[in-house]
Amino acid sequence: MRIAVIGCGYLGAVHAASMAEIGHEVVGIDVDERKVAALRDARAPFYEPGFEDLLQRTLGTGRLSFSTDMADATGAQVHFLCVGTPQKHGEYGADLRYVDAAVESLLEVLQPGELLAGKSTVPVGTAARLAELVDGKVPGALVAWNPEFLREGFAVEDTLHPDRLVYGLPADGYGEAAERLLDEVYAPIVARGTPKVTTDYATAEMVKTAANSFLATKISFINAMAELCEATGADVKLLADAIGYDDRIGRKFLNAGLGFGGGCLPKDIRAFMARAGELGADQALTFLREVDNINMRRRIRMVELAREVLDGSLLGKKVAVLGAAFKPDSDDIRDSPALNVAQQLQLQGAVVRVTDPAAIENSRREWPHLDYTSTPEEAAAGADAVLVLTEWRQYRELDPVAFGQHVRQKRVLDGRNALDREAWTSAGWTYRALGRRAG
Ligand code: UDX
């Protein structure tokens, strides 16, 4: 099949290469010339394990190309819309300017019988609005909503082996034609028996925001329990293990710590609340405000904990921050809890040095006033406290004995409950973590 993927950010670039991998002829379109140039050269514009290999392989087959010119999407049977929908500046709602611009330019090339398949996370109601627009301009062209659930760090795996397919289809007579086209795109995935949910536009749009809201709620639930553990002397890690054995609850996404960040969960729950408000259903989602509040409180608590450990004052104290990305195996620093804490510490007078295996370049660009080093040992040199804020494997596997040689004071704060407390305390470290007793 001939496929166009409009928007080659995280989602689009991985989707384009993955669709070429399963045999389609794919063109990825993006307005950013530098991004297109990098992708053509098989260089990933972001850190994602396995992606560059996939890019190289699929470019090598000749089935994958990239372009800045929408005219190159001409003749594609399916046009995937993968542009970003960031949070509006100073507001909760999603900014749809990239969606609208992409669709406007796609309408110049779209032909009857071709399918516009939306993948971006959008406020419910967007697909219906776009379908009306498409119908007015190109009668006979189809619109479907086909949300994507990939996680950063597992993007290739999640795209090639999704745990479900969701098709939001038009209610009119075009539904079957749209479903057939999507089935043809995903033929090997459908053939494996991957569960498929076919539904209307609104449900498909909501599946994505509901899933992300559930995940965010699960994280904030365990972080609320962590607050109680701190008040009672209980241990949130053991609590999570114990409730997680109940398979109605499940242990995944019950890791207490600094909470969620990144380009999806925070902005998606806020956009969902904003949209519910517009629809007169804001009461249904007031709990998400609390989910957001609990999440943000963890960052403040982390700074308090650092102050406590540093004998009541941060002024002039040397603090090593291990981790800048919002999660491991990513160079993404959008809404990063780690950088937020690093900045708070610096504002309160600490001398902060940040390290990360992949996100230093991005961090330097966005947060130029912080001090960066490339290794945890350099960050820790002469430090009064070490804060592990992103649970990279490199940090989980640090040898507390050897690492102890670099610091001035052996105090470690485990912001992700990821270290082996026993090993660190036996090596003479004061160990503190969110939701757990001092070790
Ligand atoms: C998320 C969804 O998982 C994915 O399905 C959707 O398509 C996009 O949003 P992603 O943002 O890549 O993916 O990250 P995810 O792995 O979900 O982690 C989100 C945040 O939650 C991270 O900051 C992570 O550190 C935090 N988290 C996750 C916790 O604090 N505790 C947990 O138990 C799990």
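About the thresholds
- Residues numbered from 1 in each chain as written.
- Predicted model: local features only at pLDDT ≥ 70, side-chain atom pairs only at ≥ 80, totals over all residues.
- Pairing = 2+ DSSP bridges.
- Helix = DSSP H or I, 4+ residues; strand = E, 2+ residues; numbered from the N terminus.
- Axes fitted to C-alpha atoms, helices over the stretch in contact; angles between N-to-C directions.
- Contact = placed C-beta atoms within 7 Å.
- Core = buried A, V, L, I, M, F, W, Y, C linked by C-beta atoms within 7 Å.
- Buried ≥ 20, exposed ≤ 12 C-beta atoms within 10 Å, placed from the backbone.
- Domains from an automatic or database assignment.
- Nonpolar A, V, L, I, M, F, W, Y, C, P; charged D, E, K, R; others polar.
- Near = placed C-beta within 6 Å.
- Arc of directions from axis to C-beta.
- UniProt positions renumbered as here; feature names shortened; annotations may be inferred.
- Left-handed = near helix turned anticlockwise from the far one by under 90°.

### Concerning the sheet that holds strand 11 (residues 371–373)
Part 1 of the argument: As summarised here, the arrangement of the 6 strands in space is 11-10-9-12-13-14, forming an open sheet in which the pairing is parallel. Edge positions in the open sheet fall to strand 11 and strand 14 (430–433), since each of these has one partner strand only. Across the sheet, the mean angle from the axis of one strand to that of its neighbour is 25 degrees, orientation sign disregarded.
Part 2 of the argument: Here strand 10 (residues 351–355) runs beside strand 11; their pairing, made up of 3 bridges, is parallel. Across the sheet, V354 pairs through a bridge with Y372, a residue of strand 11.
Part 3 of the argument: Docked against the sheet, helix 12 (residues 286–309) engages strand 9 (318–322), strand 12 (385–388), strand 13 (411–414) and strand 14, running at close to 165 degrees with respect to strand 13.

### Considerations on the nonpolar core
Generally speaking, nonpolar side chains in soluble globular proteins are found buried as a group.
Part 1 of the argument: Formed by 132 residues in total, the largest nonpolar core has its most connected members in I6, A306, V321 and L387.
Part 2 of the argument: With residues up to four places along the chain from it excluded, the contact list for L387 reads A306, V319, A320, V321, L322, L413 and G415.

### Some words on the domain arrangement of the protein chain
Part 1 of the argument: For the protein chain, the assigned domains read domain 1 (2–197), domain 2 (209–288) and domain 3 (293–433).
Part 2 of the argument: Distance from the C-alpha centre of domain 1 to the C-alpha centre of domain 2: 29 Å.
Part 3 of the argument: Each partner contributes to the interface: domain 1 provides 10 residues, whereas domain 2 provides 10 residues.
Part 4 of the argument: Considering only residue class, the side of domain 1 that touches domain 2 consists of 6 nonpolar, 3 polar and 1 charged.

### Considering the environment of T355
Part 1 of the argument: Following the sequence through the fold, T355 ends up in strand 10.
Part 2 of the argument: A tally of 25 C-beta atoms within 10 Å means that T355 is categorised as buried.
Part 3 of the argument: Along the sequence, T355 and Y372 sit 17 residues apart, while their C-alpha atoms lie 5.7 Å from each other.
Part 4 of the argument: If near-sequence neighbours (up to four positions away) are discounted, T355 is found in contact with L322, Y372, T373, S374, T375, P376, E378 and A379.

### A word on unusual backbone geometry
Part 1 of the argument: Its identity is not glycine, yet A42 carries a phi of approximately 60 degrees, on the positive side.
Part 2 of the argument: The backbone of D329 sits at a positive phi, close to 60 degrees, despite the residue not being glycine.
Part 3 of the argument: Within the fold, D329 resides in the loop between strand 9 and helix 13 (337–347).
Part 4 of the argument: Judged by the 19 C-beta atoms lying within 10 Å of it, D329 falls in the partly exposed class.

### Some thoughts on the site of the ligand
Part 1 of the argument: Taken together, 19 residues are adjacent to the ligand, and E152, N255, F260, G262 and C264 come closest.
Part 2 of the argument: Here the element with the most residues in the shell around the ligand is helix 9 (residues 201–232); it accounts for 3 residues.
Part 3 of the argument: Tallied by class, residues from the shell around the ligand come to 10 nonpolar, 6 polar and 3 charged.

### Quick look at helix 4 (residues 97–106)
Part 1 of the argument: What helix 4 keeps buried is the set V99, A102, V103 and L106. Burial along helix 4 is one-sided: seen end-on, the buried residues are contained in an arc of 95 degrees. In helix 4, the exposed positions angled more than 90 degrees off the buried face are occupied by A101 and E104.
Part 2 of the argument: Looking at the packing, one finds that the buried side of helix 4 touches strand 1 (2–6), strand 4 (78–81), strand 5 (115–118) and helix 5 (126–137).

### Notes on the UniProt feature "domain: UDP-glucose/GDP-mannose dehydrogenase C-terminal" (unreviewed entry) in the protein chain
Part 1 of the argument: Using the residue numbers shown here, the UniProt feature "domain: UDP-glucose/GDP-mannose dehydrogenase C-terminal" (unreviewed entry) corresponds to residues 320–421.
Part 2 of the argument: Within the segment residues 320–421, helix and strand shares are 31% and 19% respectively, and the terminal C-alpha atoms sit 18 Å apart.

### Considering the packing of helix 9 against helix 11 (residues 265–278)
Part 1 of the argument: Interhelical geometry of helix 9 versus helix 11 gives an angle of 115 degrees and a closest axis separation of 9 Å. Between helix 9 and helix 11 lies a crossing whose hand is left-handed. On helix 11, the residues that touch T209, N212, S213, L215 and A216 of helix 9 are L265, D268, I269 and F272.
Part 2 of the argument: Tallied by class, residues from the contact of helix 9 with helix 11 come to 5 nonpolar, 3 polar and 1 charged.

### A look at the environment of T68
Part 1 of the argument: Position of T68 relative to the elements: it lies in the loop between strand 3 (64–67) and strand 4.
Part 2 of the argument: When the C-alpha positions of T68 and I29 are compared, they lie 5.4 Å apart, and in sequence the two are 39 residues distant.
Part 3 of the argument: Other than its neighbours up to four places away in sequence, T68 contacts D30, V31, E33 and V36.

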